[in-house]
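# An overview of the molecular structure
Chain residues, written in single-letter form:
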Amino acid sequence: MKRVVITGLGALTPIGNSVDEFWENAIKGKNGFSKITKFDPSLFKTTFAGELKDFTPEKYLDRNEIKRSDPFTQYALCSVTEAFGDSGLNLDTLSPFDIGVIWGTGQGGMKTFEDEVKNYTQGGMNPRFNPFFIPKLLANMASGMIAMKFGLMGINYTAVSACASSSSAIMDAFNYIRLNKAKVMVTGGSEAPITEASIGGFSAMKALSTRNDDPQGASRPFDEDRDGFVMGEGAGALILEEYEHAKKRGAKIYAEIVGAAMTDDAYHISATHPEGLGAIKAMQLAMEEAKLNSGEINYLNTHTTSTPVGDLSEIKAVAKTFNNEFNDLKISATKSMTGHLLGAAGAVEAILSIKAIQNNIIPPTINTTKIDSNIPVSMPIVLKEAIDHNVNVAMSNTFGFGGHNATTIFKKL
């Protein structure tokens, strides 16, 4: 098996339009939530979300790229452009067949679908659909357009496992390099879910916070008064590279991926297993692959979304996985700042985990004021402010509707 390292990062989030801005605001405990501006939310139960700030695709993409793509693809192209620039790779020196793309998204072109259907129904049912309707809608189009923009001719597809999608993509990209089927992989995920149908649909499930009078404090993982997650949008991109290939060209290496695993709860279409059985196994398998034990994990970025049931099932899984012996472990739930980016969540949280390794800083969980009484007091949750902490190994969890559980582990090189 080949070793796999991360040599480039790109991010587009509600708290930063670049990796540096994202990281700086995360360790400052900045919040990205405000009233929705993409449509009039006044009739909706939830009127706020984590929108991108000061983002215009024209800054990053040409007119044709914008015309032919849904926002989720535009976000992907922007974050990958940053990641390639960060990596220092000279694509002209590599065979295009040695570089692949595995991207993640949960919803794909939701905005495109809504716009086209509304135009159809409001236009007298006249079937005048945009010729780019289907290409913009397809979930695989982000990976396809990344390949076209950069001339990448290796393995290419999209991973879809709801909110675990980009973690699935990272795991698959990791495995392709390990198996010597690629030298470099572009991976991560993007999501553009702040639309009327998406907000309305998640509201109907009672999944979203309705703390409309306090958007900034709405995402409060582990808190006794949490009432649902906050929707976020954006993208996270990672350039994975075979270790010897990266070393030979003198690349800057952020960290090594040493383990990744997926399981399924086989329990409920939207609820996690109450005892976290699938999550436990995913964490155990990832550590087994990484040849690490629980006492060697220094940081865990939890999936924790601020939902009453989901937070507790993950905490139970963590307690069982670590045998209630947390040693040098620190935990934080960074969705309290970014909101839940659905299929892009795993990628942006992987970036924060990697940056924690690079900087030996744990980003905080904000807004949590009163820990749920069902959570053990010994659980080492970092609250309110970032802390200095030596991070050699970081673990990231993401879970998705359908019971998908994904765990990735990164290690200092």
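Residues numbered from 1 in each chain as written. Predicted model: local features only at pLDDT ≥ 70, side-chain atom pairs only at ≥ 80, totals over all residues. Heavy atoms only, no water.

## Quick word on the sheet that holds strand β6 (residues 184-191)
One open sheet accounts for 10 strands, arranged β5-β4-β6-β7-β1-β8-β14-β13-β9-β10; its pairing is mixed. Both edges of this open sheet fall to β5 (156-159) and β10 (330-332), since each of them pairs with a single strand only. Here the strands of the sheet are splayed against their neighbours by 25° on average, with no regard to which way each runs. Where β6 and strand β7 (residues 234-242) come together, 8 bridges link them in antiparallel fashion. (Pairing = 2+ DSSP bridges. Helix = DSSP H or I, 4+ residues; strand = E, 2+ residues; numbered from the N terminus. Axes fitted to C-alpha atoms, helices over the stretch in contact; angles between N-to-C directions.)

## Examining empty space enclosed by the protein
Throughout the structure, instances matching the rule amount to 1 cavity of 30 Å³ or more. As a volume, the largest cavity reaches approximately 40 Å³. In terms of lining, the largest cavity is formed by D265, T272, H273, G276, A279, S313, E314, F399 and N405. Counted by class, the lining of the largest cavity contains 2 nonpolar, 5 polar and 2 charged residues. (1 Å grid on protein atoms, 1.4 Å probe; cavity = no way out; pocket = protein on both sides within 12 Å on 5 of 7 lines; lining within 4 Å. Points joined across faces, edges and corners; volume = space filled by probe spheres on them. Nonpolar A, V, L, I, M, F, W, Y, C, P; charged D, E, K, R; others polar.)

## Here we look at the pattern of salt bridges
A complete count under the given rule lists 15 salt bridges for this structure. Between R220 and D223 there is a salt bridge whose closest N-O contact spans 3.8 Å. Accessibility expressed as a relative area gives 10% for R220, which makes it buried. Salt bridges linked by common partners bring R226, D311 and D372 together as one network. (Salt bridge = Lys/Arg side-chain N within 4 Å of Asp/Glu carboxyl O. Buried < 20%, exposed > 50% of the residue type's maximum accessible area, 1.4 Å probe, protein only.)

## Some words on the packing of aromatic side chains
By the definition in use, this model includes 10 aromatic pairs. Ring centres of F202 and F401 lie 6.0 Å apart, and the angle between their planes is 40°; on these two criteria the pair is classed as tilted. Taken together, the residues F202 in helix α8 (residues 196-204) and F401 in the loop between β13 (393-400) and β14 (404-411) connect sequence positions 199 residues apart. Residue classification places F202 among the buried positions, given a relative accessible area of 10%. On the basis of relative accessibility, which here comes to 32%, the residue F401 falls in the partly exposed class. An aromatic cluster is present here, built from F55, Y60 and Y75 joined pairwise through their rings. Here R3 stacks its cationic end above the ring of Y243, 4.5 Å away from the centre of that ring. (Phe/Tyr/Trp six-rings, centres within 6.5 Å; stacked < 30°, edge-to-face > 60°. Lys NZ or Arg CZ within 6 Å of the ring centre and 35° of its normal.)

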